[in-house]
Amino acid sequence: MADRLADGVWLLDLDRVPVFGANAFLVDDGEVTLVDAGLPRAGLGDELAAAGYAPADVDRVLLTHYDLDHVGGLGDLALDAPAYAGARDAALATGAYDPPWLHHKGAFHRLARRLWSLPADLELRSVDDGQRVGAFTVYHTPGHNPGHVAYVHDGLDVGLLGDLVWEVDGDLTPPEWWDSYDVARLHESIRTFAGAAPSLSVLCPGHGDPIVGGGSARLTDLATRLA
Ligand SMILES: [Zn+2]
């Protein structure tokens, strides 16, 4: 069930089958931002309602990356809001970029695009490193996907991390190699983000439980282990 993590920050609990489901989050700072959308038919509408929101309340969607477990729920709701994604993943989603068939995840993305499409009327906007969207700052964090991004809400000290990191049994960890484009690049992104992001209290990973309190120290600890 939807879980209030901090003032204006909600976990929408769609990760009911660990690894195959993903978390979504909602941030309400006066504007209502949905961060990721979970798998298709994972219950996004019910989780929004449990947090006290209707689809029409959502002002924007921030996507951390183009994987079905993070964007699939967009087809479940009639959202009248633009969606944002890192430039490389926006191109992956629209077909402007074709990943290599011979790469394990490239082949997966090519197949996934044939089986499932973003809603035809979705307004998808590309974002780049350092760009601001409302009160969020975009951090390009490639590795899991080429256009993976994390978002930091400056006023609420919360990091929306997608699959930059997972939480497993209380620990932060990088995602598995089989689910990532480039593991070395992913580890570099974790180290770079840990060094560049402002002080964060709440960390919202794409899979596993959020870290509530002391987020930056946990990220620094992981970055040190990967060094
Ligand atoms: Zn994921």
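See above for the structure.
In this text the structure is predicted, and so the values were computed from the model without any measurement.

A.B. asks: Break down the sheet that holds strand β4 (residues 32–35) for me, with residues and values.
C.D. replies: The 7 strands are arranged β1-β2-β3-β4-β5-β6-β7 in an open sheet whose pairing can be described as mixed. Among the strands making up the open sheet, the edge pair consists of β1 (3–6) and β7 (124–127). The sheet shows a mean angle of 25 degrees between the axes of neighbouring strands, taken without regard to direction. As paired strands, strand β3 (residues 24–28) and β4 are joined by 4 bridges and run antiparallel to one another. Counted as the bridge partner of Leu-26 is Leu-34 from β4. Against the sheet, helix α1 (residues 44–51) touches β2 (9–12), β3 and β4, its axis set at about 145 degrees to β2.

A.B. asks: Talk me through the nonpolar core; I want residue IDs and the actual numbers.
C.D. replies: Counting residues in hydrophobic clusters, the biggest one holds 32 residues, and the most contacted among them are Leu-12, Leu-34, Leu-44, Val-58, Val-61 and Leu-74. Looking at this core, the elements that each hand over two or more residues are β2, β3, β4, α1, β6 (83–86) and α3 (87–94). Leu-172, Phe-193, Leu-203 and Leu-219 belong to the second-largest nonpolar core, a separate cluster that totals 19 residues.

A.B. asks: With reference to specific residues and values, describe the sheet that holds strand β9 (residues 136–140).
C.D. replies: The strand order across the open sheet built from 6 strands is β8-β9-β10-β11-β14-β15, with neighbouring strands paired in mixed fashion. Either end of the sheet is taken by a strand with one partner, and the two such strands are β8 (132–133) and β15 (211–212). In this sheet, β15 lies alongside strand β14 (residues 202–205) in antiparallel orientation, the contact comprising 2 bridges. Among the inter-strand pairings, Val-202 is bridged to a residue of β15, identified as Val-212.

Rules and cut-offs
- Residues numbered from 1 in each chain as written.
- Predicted model: local features only at pLDDT ≥ 70, side-chain atom pairs only at ≥ 80, totals over all residues.
- Heavy atoms only, no water.
- Pairing = 2+ DSSP bridges.
- Helix = DSSP H or I, 4+ residues; strand = E, 2+ residues; numbered from the N terminus.
- Axes fitted to C-alpha atoms, helices over the stretch in contact; angles between N-to-C directions.
- Contact = heavy atoms within 4.5 Å.
- Core = buried A, V, L, I, M, F, W, Y, C linked by side-chain atoms within 4.5 Å.
- Buried < 20%, exposed > 50% of the residue type's maximum accessible area, 1.4 Å probe, protein only.

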